Amino acid sequence: MKIVTYNVNGIKARLPRLIEYLTEAQPDIVCLQELKASDETFPLSDIEAAGYGAVWHGQKSWNGVAVLAKGATPVERQRGLAGEDEDEQSRYLECDVDGLVVAALYLPNGNPRPGPKFDYKLRWMERLAARAQVLLAQEVPAVLAGDYNVIPNDDDTFSVRAMAEDALMQPESREAYRRLLAQGWTDALRTRAPKGGVWTFWDYQAGAWQRDAGFRIDHLLLSPQAADRLVDAGVDKAYRGREKASDHAPTWVSLR
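A.B. asks: Residue-level account of the packing of helix H3 (residues 116–137) against helix H5 (residues 171–182), with values.
C.D. replies: Viewed as axis vectors pointing N to C, H3 and H5 meet at an angle of 5°, and their least axial separation amounts to 10 Å. With respect to H5, the element H3 is oriented roughly parallel. For the pair formed by H3 and H5, the contact residues are Phe118, Lys121, Leu122, Met125, Leu128, Ala129 and Ala132 on the first element and Glu172, Ser173, Ala176, Tyr177 and Leu180 on the second. In terms of residue class, the contact of H3 with H5 is built from nine nonpolar, one polar and two charged.

A.B. asks: I'd like a rundown of the packing of aromatic side chains, residues and numbers included.
C.D. replies: Throughout the structure, instances matching the rule amount to six aromatic pairs. Pairing Phe201 with Phe215 gives two aromatic rings, centres 5.0 Å apart and planes at 35°, and the pair type is tilted. Taken together, the residues Phe201 in strand S10 (residues 201–202) and Phe215 in strand S11 (residues 214–215) connect sequence positions 14 residues apart. Phe215 shares its class with Phe201; the two are buried. Among the aromatic residues, ring-to-ring pairing joins Tyr6, Tyr21 and Tyr239 into one connected group. Seen from the ring of Trp252, Lys2 lies directly overhead, with NZ or CZ sitting 5.0 Å from the centre. Directly above the ring of Phe118 sits Arg113, whose terminal nitrogen or CZ lies 6.0 Å from the centroid.

Thresholds, definitions, all that
Residues numbered from 1 in each chain as written. Predicted model: local features only at pLDDT ≥ 70, side-chain atom pairs only at ≥ 80, totals over all residues. Heavy atoms only, no water. Axes fitted to C-alpha atoms, helices over the stretch in contact; angles between N-to-C directions. Helix = DSSP H or I, 4+ residues; strand = E, 2+ residues; numbered from the N terminus. Parallel < 35°, antiparallel > 145°, perpendicular 65-115°, else oblique. Contact = heavy atoms within 4.5 Å. Nonpolar A, V, L, I, M, F, W, Y, C, P; charged D, E, K, R; others polar. Phe/Tyr/Trp six-rings, centres within 6.5 Å; stacked < 30°, edge-to-face > 60°. Buried < 20%, exposed > 50% of the residue type's maximum accessible area, 1.4 Å probe, protein only. Lys NZ or Arg CZ within 6 Å of the ring centre and 35° of its normal.

Any functional reading would require information that these geometric values do not contain.
Set out below in structure tokens:
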């Protein structure tokens, strides 16, 4: 079973690339982020034509997450995170798919910092940790898949110096990520590349793709029951190099 997290950076603009990926790679489950589309404009018919069912949590022009499943429709468990009733940003969607609990998440960027956006990022991570603890207590195979907007380690970026002031790499962001792992979650890609040097994102600016100046912010965290089934994990990097591609590459885990 191949489970993918893929920040498409606008599903309307990137729909040809997404359909291409679904058709060629044939993943079993895909968690999408940054749809930048309202619920009403989600391209369900195109996705169904490619052989996938979908549940989505849209937001006009910003954010938005979805869970796709090959040959099935995911069963929604929860949308949004508890803790801030006034929070209307579409960043979390949790579903059941074929005996697996899968959450698509799009963590706040947090820039500029310091300031309210960084404070919101840290609060959101606390709310995610609370939900993650509930999932662990259920003792089910679960995958938290998404764009975490956190560079966990120095070897997860092409340049520590270039990213030093960015919210993605601040001590508070990293500490919140480590607290999540400490609950008992496994960072799937890190287990396959323990020395780092694997990127999932390359900025559109300054020739980042051509220079391979990227970093790792797309993560798949596995509950112990899912980690026991881990076969492999990786990045389908070549898709970042295609015409009008997202600035993220599909990142995946394979489970028995």
